[in-house]
Amino acid sequence: MSPVRVFTGKLAHSTSVNKLELYELAHIVVDDRGIILALQDGTKAVVDVLAKLSLSLQEVEVHNLSPSQFIIPGFVDTHNHAPQWSQRGLGQSMHILDWLNTITFPNEARFADPAHARRVYPSCVDGFLKQGITTASYYGSMHQEATKILSDVCLEKGQRALIGKCNMNRNAPEYYRDSSVADSMEATKACIAHIERIDPGHRLLNYVLTPRFAICCEGDLLSQLGQLGQEGGLRTQTHFNEAEQEILATKDLFPEFDNEADLYAHYGLLTDRSILAHCCIMTDYEFRKLAAAGAGVAHCPIANMTVGGGFMAAPIRTFLDYGIKVGLGTDSGGGFSSSMLDAIRQALVASYSREASSKGKEPKLSIEEVFYLATQGGADVCGLGSQVGNFDKGKAFDALIIDTDVDGVMAPREEHDTFRVIFEKFLLTGDDRNIREVFVGGREVKGLKQSYIGSLSGSK
């Protein structure tokens, strides 16, 4: 077994939505399984921290961060279409349904060829890990084999992931839809069984039921997915109140429901395990319904403002006021960037828009809040909040080592800068070049070394 490791240096993490903890000096102790044993501020020496754990310096590896470096939790991407990796940036001015038919469905249909999935998915997962996304909630294509390949790639490369075959049996081209409800469910169950086989302890992978949205699913398919989710305690992800065009189309297909909250609740798909992407246009009733169900919101500010038929800024302040879980999503195919740093920045811009349009009734988000949404908030939305998201004792060591002195575009670190200033400079001007090392469950998945330090934490 590899030894216990201690990382010593500047550290930042969120303990609540508006509480950012910044340590000028901290010691974080990680055991040989990748689990955090202790987080201690620098008022105590490393030797004293280790003594409390019945350890000595001779038994551990100490990693001292340089003055230009600090450590933060890994980013959590709550809404991501893996098969759209190669189509990013296309169709930005289109309405959502036109964008699906013109850009997205033809691209995703290519994943019927397993060889295509084997070419694209390694690049996709590597790309997100490179940008510090240690956990992602992935929509796969509608294809069983390609979804299994995505699962294999995530496990091999060490990314924590929720993965789901996209269920869709209507209102899509004949070449890209499930032939029947029975076939869709059979493929779904096969993908679930595959994850259970390759990662039985759910060290990294969990299945997430993935009805694309109600427009593409008959009621019987939604009903069977809801039943399967209830029986197996499975997570669910779908698109929810994304754009006016989508909302009107949904009401035409399901006239018996006044809103999408009641629709998904009827089919057993609105629970505390639900990840609802976008949620741009909401009523007071739906806010209350989501809050009562314990559902989570995947806020995708880049896609909301570039695809869908309008400049849409989701009401994140109101979600937070209702106590609804919120995390950030890159929705990488639906926007122009796969970067969580860009999602953080755009979330601030979207909140400024909401504050202005509401004449101050919806105050803008703070740096503390958007960083929380990118880390602990996202983990909560994905049902992993007790395992990852910050550096609390007992959680998995999913972490990024940031270096502010690398060549790039980040605002330069100056001698008089406080840690708070350096932290903000990274969030608002840094990029993936500043993310020097990435760890998932203690395994280094980006860096000079690829070191594996034992079994990864459970996450089911």
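Residues numbered from 1 in each chain as written. Predicted model: local features only at pLDDT ≥ 70, side-chain atom pairs only at ≥ 80, totals over all residues. Heavy atoms only, no water.

Asker: What am I meant to see in the overall build of the protein chain here?
Answerer: Secondary structure summary: the protein chain contains 14 helices and 17 strands in total. Taking 23 Å as the expected radius of gyration for a compact globule of 460 residues, we find that the protein chain reaches 22 Å, a close match to that expectation. Along the longest, intermediate and shortest principal axes, the C-alpha atoms of the protein chain span 65 × 55 × 40 Å. Within the protein chain, the fraction of its 460 residues that count as buried is 62%. A separation threshold of at least 6 residues defines the contact pool for the protein chain, and within that pool the share at least 24 residues apart is 73%. Looking at the protein chain as shown, the accessible area adds up to about 16700 Å², and 49% of this sits on carbon and sulfur atoms. The distance from the centre of the 44 positive side-chain charges to the centre of the 57 negative ones in the protein chain is 2 Å. (Helix = DSSP H or I, 4+ residues; strand = E, 2+ residues; numbered from the N terminus. Rg over C-alpha atoms; globule rule 2.2 N^0.38 Å. Buried < 20%, exposed > 50% of the residue type's maximum accessible area, 1.4 Å probe, protein only. Contact = heavy atoms within 4.5 Å. Areas by Shrake-Rupley, 256 points an atom, 1.4 Å probe, with all protein chains shown as cover. Lys, Arg positive; Asp, Glu negative; His and termini not counted. Charge placed at Lys NZ, Arg CZ, Asp CG, Glu CD.)

Asker: Looking at this model, I keep getting lost on the packing of helix H12 (residues 340-357) against helix H14 (residues 419-429). Mind explaining?
Answerer: When two helices pack together, their arrangement is given by the angle between their axes and by how far apart the axes lie. Their axes nearest at 7 Å, the elements H12 and H14 cross at an angle of 95°. Classified by the angle between their axes, H12 and H14 sit roughly perpendicular to one another. Of the residues in H14, those touching H12 at Leu341, Ile344, Arg345 and Leu348 are Phe426, Leu427, Leu428 and Thr429. Here the contact of H12 with H14 is composed, by residue class, of six nonpolar, one polar and one charged. (Axes fitted to C-alpha atoms, helices over the stretch in contact; angles between N-to-C directions. Parallel < 35°, antiparallel > 145°, perpendicular 65-115°, else oblique. Nonpolar A, V, L, I, M, F, W, Y, C, P; charged D, E, K, R; others polar.)

Asker: Whenever I open this one, the domain arrangement of the protein chain confuses me. Can you help?
Answerer: How big an interface is tends to be stated in terms of the accessible area lost upon association of its parts. One can read the domain layout of the protein chain as domain 1 (5-73 + 391-446) and domain 2 (75-382). Placing the centre of domain 1 and that of domain 2 at their C-alpha centroids yields a distance of 30 Å. Facing 31 residues of domain 1, the contacting portion of domain 2 comprises 25 residues. Carbon and sulfur atoms make up 65% of the surface buried where domain 1 meets domain 2, a total of about 2300 Å² over both sides. Run the count over domain 1 and domain 2 and you get three salt bridges. Ionic pairing is found between lysine 130 and aspartate 432, a salt bridge with its closest N-O pair at 3.9 Å. Scanning the region where domain 1 abuts domain 2 turns up eight residue pairs in polar contact (both at pLDDT 80 or more). Sort the elements by how many residues they give to the side of domain 1 that touches domain 2 and H14 lands first, with seven residues. (Domains from an automatic or database assignment. Buried area = accessible area lost by both parts, 1.4 Å probe. Salt bridge = Lys/Arg side-chain N within 4 Å of Asp/Glu carboxyl O. Polar contact = N/O pair within 3.5 Å; in protein donor to acceptor, adjacent residues only side chain to side chain.)

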